[in-house]
Each structure stands twice: as structure tokens, then as C-alpha cells.
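Below, each chain spelled out in residue letters.
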Amino acid sequence: MRETMNPDASTAARYRAFAEVEARGMSATYEAWAAGVAGDPPTIALIEELPVAKRQPNLVFSAARFQGAPLGPYAVLRDWLHRHWIEVRATVLDHATQTNEAGRCALHLPVLAALPGPLALLEVGASAGLCLYPDRYTYRYDERPPIEPSGGPSRVVLDCETNGRVPIPERLPEVVWRAGIDLNPLDVTHADDLAWLDALIWPEHDDRRTRLREAAAIVAAEPPRLVAGDLVEELARLAAEAPAGATLVVLHTAVIAYLDEEAKRRFVAEVRRLDGHWLSVEGRSIVPGIAAREDAPNAASDFVLALDGEQLAWVQPHGRAIRWIGTP
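Note that the structure is predicted; figures quoted are calculated from it, not measured. (Residues numbered from 1 in each chain as written. Predicted model: local features only at pLDDT ≥ 70, side-chain atom pairs only at ≥ 80, totals over all residues. Heavy atoms only, no water.)

**Topic: the pairing of strand β7 (residues 277-283)**
Put simply, side chains in a regular strand alternate between the two faces of the sheet. The condition is simple: Relative accessibility thresholds used throughout: buried, under 20% of the residue-type maximum; exposed, over 50%; partly exposed, between the two (1.4 Å probe, protein chains only). What counts as a helix is a DSSP run of H or I of at least four residues, what counts as a strand is a run of E of at least two, and both are numbered from the N terminus. By definition, two strands form a pair when at least two bridges between them are found by DSSP. Looking down the strands as they point away from the viewer, one classifies a crossover as right-handed if the path from the first strand across the helix to the second runs clockwise.
Of all seven residues that make up β7, six are buried, and the element is covered over most of its length. Pairing analysis gives five bridges linking strand β6 (residues 247-253) to β7, with the strands arranged parallel. The residue of β7 that forms the bridge with Val249 is His277. The β-α-β motif built from β6, the intervening helix α11 (residues 261-273) and the parallel element β7 has right-handed crossover chirality. Taken together, the five bridges between β7 and strand β8 (residues 303-307) define a ladder with antiparallel strand orientation. Its bridge partner lying in β8, Glu282 is registered against Val304.

**Comments concerning the pattern of salt bridges**
For the record, the criterion: Salt bridges, as used here, are contacts in which a Lys or Arg side-chain nitrogen is within 4 Å of a carboxyl oxygen on Asp or Glu.
As enumerated under the stated definition, the model contains 22 salt bridges in all. Between Glu101 and Arg208 there is a salt bridge whose closest N-O contact spans 2.5 Å. Taken together, the residues Glu101 in the loop between α6 (85-94) and α7 (105-112) and Arg208 in helix α9 (residues 206-221) connect sequence positions 107 residues apart. There is no split in this pair, since Glu101 and Arg208 are both buried.

Have a look at this one:
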């Protein structure tokens, strides 16, 4: 999950906000770690050796776990981190927060299934491409009967709670083309890439860790087209490869926060020029031109799900819940 706090805030403030907004109720370990860092000047000094964009709590904590940091109280992490900072620092500098949560497909599905098919999916910030396979997973919304792929039940089962009139489909959409853009695409057949994706999953989320392995096997059997490059520069070029007769859908989740303001505006202008649809799941006030419905009930950590720039729902960023407020 990519953080939504202000990158211009002090390091202590960023970690405090991560503890109180992002991690609270989601990971007791990360909440304690982030709160601990926020009140620990020597550890803040270490983190401030990093470029500002690399000081994100989720990136630093994932790098530490990738290098073998033990789970436990903040005091344990602190001692370990100060002993192993050289390795953690190198990992932070060489990696990015590329969380690839297949569970997010449960957020996309109600919108994708309502569009005319077949679909051509293009994901920006695709990581390893796990969210390009919404037709290969099984979905369970509340207590409703599962929605399964045409070939039978999937080993990947996505559970999602709903609130409001979520347009849950009876069948999965047909996907005839899948492609993605990422500055550094990951390959699930490479052990180090898969280990990094595993480290990005928060400590208590064992269900997500199991799901990662199962989804990775599906992707490895039929890899998508992943292009390395800038998402603004590559978007139109890759979109032009989508097959005629398919509905193009450009989608992204927790990616646009990583762009500066000019790049955000360029991306929005570029995606609006394409002949297709635009499905976004981002933090509030992140995407220019998408107004969040703050009058509709939502949690502080909820993301905005929008189609073609209009909010349809508040959603839990990992795909666990949808609160519908509009119609596709």
C-alpha cells in the first residue's frame, strides 16, 4: 500500500501519521514500530540519511523485514535496525513500495463487469501484474454465492464486505489482453522479486501472504506484457497495442501519489485522451479533478474508487471492503 501522507512533513510527523492513520486497526506491529520511530531521534537521524522520497515507513519497514528483521516490540526492531542499517539502507535505495495485492481485484470487479466486453486491461504501476487477472480469481461478497472463473473455482479466493448498492455481477468479465507499466516491473518467477512482494505484506496479514503465492502461480503460467518505463510517457504507446474490438480500461491502485503535481496533471490529461475507460483507486485528494464525496460515510484510511473521474465508492485499500455511493 502506498502512503498518502504529506511528503513535505517532517520524518517524525510522517511516521506518526502512518501509525495513527495507515496502520491503526490494520497492523499492530507497524503501528507500534511507526509510533516508536516517531519518538526516537537517533532512529529518525538514520532514516534522514535517505532521500526524502525513500523515507516512507512502509518502505523502510519492508526493507528491514526483507533483510531479516524480527517481529516484536519496537525496542527489538530498534536494536536490530541500528546494527543492520547498512543492509537496510541499500535495500531501501534499490527497491520501491510495489505492493501487488490481488485482493484489490474485488474492488475493480463491480466496475469492470458493468463495462461492455471483452476487456483489454492496462495497469499503470503494475508491479508484477497480479491485478491484471480479475477473471482468474474467485470472489465472495458478504454471504452471497461465490463468483467463479468459467473454468471452475480458483485457488485464489477474494473476500470483500459490501455496504450500499454495490453492483455485484453474476459472472466475471472476459479479458482478452493484459498489459502494465512500471518503473521496475517485478517477475514472480524470480525468487528475489517474490520475496520482496512478500516483505511488502504487513506482518499480521497471513491471508494476503498465502494469496500472493497462489496468485503468483496463476500469473507465472501466463505472464502479462509488462513494460518498464514512466507511466505518463508509455501510456499512449502501450494503449495503442490493445486489440481492436475490446474495451480498453486503464486502471491503477495507490500509484498516483508517487507522481509530482505536474506529472499527475499530465497523466490525467493523457488518460482522458484515450479511447476507453479509466478506473482509479487512490487516496483522497491525490488525483487532480476527482472530488471525494466526504459527505458519504467513510473511514480516514479509505481510498476513492472512481470511473472516468467520478467517485463511485469508498474502499479499503487492500480490497477488504467497498462502500458504494454511486452507479457505474
